[in-house]
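Breakdown of the fold
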Amino acid sequence: MSFDALLWLSFGGPEGPEDVRPFLENVVRGRGVPPERLDEVEAHYQHFGGVSPINRLNLEAIEAVRARGFELPIYFGNRNWHPMAEDVVAQMKADGVQRALVFPTSAYGGYSACRQYDEDIVRALQAVPDGPELVKLRQFFDHPLFISAFADGVRAAAASLSGPYRLVFTAHSVPVSADKAAGPPAEGGYRYSRQVVEASRLVAAELGVTEYDVVWQSRSGPPQIPWLEPDVVDHIEALHAKGVTGVVVCPIGFVSDHLEVVWDLDTEARDRALELGMEFARAATPNGDPRFAELVTELVAEHTSGAPVRKLSSFTSAGCTVNGAPCAPLCCEPAKRPARA
Ligand SMILES: CC1=C(CCC(=O)O)c2cc3nc(cc4[nH]c(cc5[nH]c(cc1n2)c(C)c5CCC(=O)O)c(CCC(=O)O)c4C)C(CCC(=O)O)=C3C
Ligand SMILES: [Fe+2]
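Just so it is clear, the model here is predicted, and its values are computed rather than measured. (Residues numbered from 1 in each chain as written. Chains lettered and ligands numbered in written order. Predicted model: local features only at pLDDT ≥ 70, side-chain atom pairs only at ≥ 80, totals over all residues. Heavy atoms only, no water.)

**Let's talk about the UniProt feature "binding site: Fe-coproporphyrin III" (unreviewed entry) in the protein chain**
With numbering aligned to this structure, UniProt lists the feature "binding site: Fe-coproporphyrin III" (unreviewed entry) at S52 and Y117. Among the secondary structure elements, S52 is positioned in the loop between helix 2 (35-47) and helix 3 (54-67). Ignoring sequence-local partners within four residues, the contact set of S52 consists of G13, P14, Y45 and L259. In this fold, Y117 is placed in helix 5 (residues 111-127). Taking relative accessible area as the criterion, Y117 reaches 4% and is therefore assigned buried. (UniProt positions renumbered as here; feature names shortened; annotations may be inferred. Helix = DSSP H or I, 4+ residues; strand = E, 2+ residues; numbered from the N terminus. Contact = heavy atoms within 4.5 Å. Buried < 20%, exposed > 50% of the residue type's maximum accessible area, 1.4 Å probe, protein only.)

**Some details on the site of ligand 1**
Close to ligand 1 lie 26 residues, the nearest being R37, Y45, S52, S220 and L259. Residue R31 places a side-chain N or O atom 3.1 Å away from an oxygen atom belonging to ligand 1. Mapped onto the shell around ligand 1, the elements with two or more residues apiece are helix 1 (20-28), helix 2, helix 5 and helix 10 (259-275). Counting residues per element, the shell around ligand 1 draws most heavily on helix 1, at 4 residues. (Near = heavy atom within 4 Å. Polar contact = N/O pair within 3.5 Å; in protein donor to acceptor, adjacent residues only side chain to side chain.)

**Let's talk about the pairing of strand 3 (residues 99-104)**
Taking burial as the measure, the 6 residues of strand 3 include 5 buried ones, the bulk of the element. By the bridge criterion, 5 bridges tie strand 1 (residues 5-10) to strand 3 in an arrangement that is parallel. Paired with W8 across the strands is F103, a residue of strand 3. Chirality of the crossover, the property in question, places the unit of strand 3, helix 5 and strand 4 (residues 133-136) among those that are right-handed. (Pairing = 2+ DSSP bridges. Right-handed = clockwise from strand over helix to strand, strands pointing away.)

**Quick word on the pattern of salt bridges**
On inspection of all chains with the given rule, the structure shows 26 salt bridges. Members of the salt-bridge network, linked through shared partners, are R21, E25, D39 and E42. (Salt bridge = Lys/Arg side-chain N within 4 Å of Asp/Glu carboxyl O.)

**Things to note about the domain arrangement of the protein chain**
Structurally, the protein chain comprises domain 1 (5-140 + 288-304) and domain 2 (144-285). Inter-centroid distance (C-alpha atoms) of domain 1 to domain 2 is 23 Å. In this assembly, 26 residues from domain 1 lie in contact with 30 residues from domain 2. Carbon and sulfur atoms make up 67% of the area that domain 1 and domain 2 hide from each other, which totals about 2,300 Å². Interface area lost by domain 1 to domain 2 is led by H44, Y108 and R291, which between them contribute 30%. Here domain 1 is connected to domain 2 by 1 salt bridge. Notably, a salt bridge pairs R291 with D152, separated by 2.8 Å at the nearest N-O pair. Our enumeration of links across domain 1 and domain 2 arrives at 7 residue pairs in polar contact (both at pLDDT 80 or more). (Domains from an automatic or database assignment. Buried area = accessible area lost by both parts, 1.4 Å probe.)

**Things to note about helix 1**
Because an α-helix packs 3.6 residues into every turn, residues spaced three or four apart end up facing the same way. For helix 1, the set of buried residues is V20, F23, L24, N26, V27 and V28. Structurally, helix 1 contributes buried residues whose contacts are with helix 2. G30 lies just past helix 1 and shows a positive phi near 75°.

**Observations concerning helix 9 (residues 232-241)**
Along helix 9, the residues that are buried comprise V232, V233, H235, I236 and L239. In an axial view of helix 9, the angular spread of the buried residues amounts to 160°, which keeps them on one side of the axis. The secondary structure elements touched by the buried residues of helix 9 are strand 5 (166-172), strand 6 (212-217), strand 7 (246-250), helix 10 and strand 8 (279-282). (Arc of directions from axis to C-beta.)

**Observations regarding the packing of helix 6 (residues 144-159) against helix 8 (residues 191-207)**
The angle between the axes and the distance between the axes are what describe a pair of packed helices. At their nearest, the axes of helix 6 and helix 8 sit 9 Å apart, and the two run at 60° to each other. Here helix 6 is positioned oblique relative to helix 8, judged by the angle of their axes. When the axes of helix 6 and helix 8 are compared, the crossing they make is right-handed. Along the contact surface, helix 6 presents I147, S148, F150, A151, V154 and R155, while helix 8 presents A199, L202, V203, E206 and L207. (Axes fitted to C-alpha atoms, helices over the stretch in contact; angles between N-to-C directions. Parallel < 35°, antiparallel > 145°, perpendicular 65-115°, else oblique. Left-handed = near helix turned anticlockwise from the far one by under 90°.)

**Here we look at the sheet that holds strand 7**
A sheet is described by the order of its strands in space; here 4 strands give the open sequence 6-5-7-8, paired in parallel fashion. A single partner strand is all that each edge strand has here, and the edge strands are strand 6 and strand 8. Strand-to-strand, the axes of this sheet are offset by a mean angle of 25°, without reference to chain direction. In this structure, strand 5 lies alongside strand 7, joined through 4 bridges in parallel fashion. Along strand 7, the bridge assignment pairs R166 with V247. Against the sheet, helix 6 engages strand 5, strand 7 and strand 8, with an angle of about 155° to strand 7. Relative to the sheet, helix 8 contacts strand 5 and strand 6, its axis offset from that of strand 6 by approximately 140°.

**Some points on the UniProt feature "binding site: Fe(2+)" (unreviewed entry) in the protein chain**
The residues that UniProt annotates with the feature "binding site: Fe(2+)" (unreviewed entry) are H172 and E260. Across 89 residues, the annotated set stays spatially compact, with a maximum C-alpha separation of 8.3 Å. If you trace the backbone, H172 turns up in strand 5. Classification of H172 by relative accessible area gives partly exposed; the value is 23%. Excluding residues within four positions of it along the chain, H172 makes contact with Y192, W216, Q217, S218, F254 and E260. Tracing the sequence through the fold places E260 in helix 10. Given a relative accessible area of 22%, E260 falls into the partly exposed group.

Next comes the structure, spelled out in structure tokens:
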């Protein structure tokens with residue numbers, strides 16, 4: 001199969017104070033997130049001048065891929081903020097692109113991490129009749145380059161501490177019902193949390209660390225709905241109560257230092273740990289590591305030159321579908337809630 005472009009598909013983030021509210025409205029449209037939660041999250045963004053680092057980090061990662069001599073033109077589009085996926089797909093069509101690979105900036109399965117990117121593709125193609133064929137790349141949570149980049153991040157973070165530490169992996173929480181619906185029903189659900197746990201195990205194994213925890217962060221939604229727990233800040237408090245004096249937090253669920261990382265971890269979790277008199281260090285995310293550009297190049301080469309599929313676990317790496325089709329019938333079905341307007 002031949003391809004004539006790569007679409008780098010991400011979450012999007014605001015570029016200034018005025019963008020924050022409309023961006024947040026895009027993210028939570030139809031999701032039942034209470035306004036108080038939005039006010040809180042808006043304050044986190046405004047703390048950084050209303051600018052999320054995510055767009056800049058994506059552009060830097062794209063430059064790193066280009067700098068490797070990558071053979072296809074790369075387009076950048078988002079789910080929730082400009083450049084919006086539909087505008088970029090219109091541009092691709094205008095440029096004569098007929099078949100493109102799509103790199104979604106999430107390593108995992110599940111509704112928010114995988115299926116919602118399929119929905120973005122469907123939405124973009126609906127907005128652009130006779131647009132290019134779009135083939136999404138697979139999930140890469142257990143790719144050796146992804147795992148070793150995180151392992152080095154943990155090594156460097158641990159080296160910055162003076163005493164012993166507990167290794168704590170963290171990923172974005174999701175509603176328990178969404179995790180239960182992650183993956184095709186025949187697999188038994190929980191694909192997202194199982195992949196997060198597996199990636200964490202692989203990083204720990206590469207480091208030779210046998211005692212570690214996997215926790216969750218950045219919970220949203222109405223308080224009465226259960227989300228994956230424990231929360232990273234609560235967990236740091238529990239570790240402190242057990243006499244743990246240092247913590248290395250590895251944001252295994254994220255590819256770059258976007259807002260949930262620089263606020264929820266580097267600010268909130270860190271402040272709490274220091275308040276408790278604990279040492280705290282946060283491992284780097286892979287986005288800025290040369291291995292990340294190599295990873296993208298390899299995932300593309302699986303399609304363009306039959307490069308081997310490298311993965312360290314036997315767990316399914318799905319997500320590779322055409323024009324936004326789900327991976328399998330009923331795979332990662334969205335929760336029953338009002339449709340996006
Ligand atoms: C699994 C997962 C990932 C990892 C996979 C992936 O990377 O895709 C992820 C990434 C991200 N989440 C992000 C931002 C936000 N997520 C929100 C809300 C939500 N996230 C959810 C899940 C996830 N989110 C869910 C289930 C919700 C509830 C609403 C809904 O059901 O959709 C909200 C609303 C406010 C709030 O937090 O309540 C914001 C602003 C940003 C950009 C940060 C920046 O600007 O730098 C990124 C990369
Ligand atoms: Fe999926």
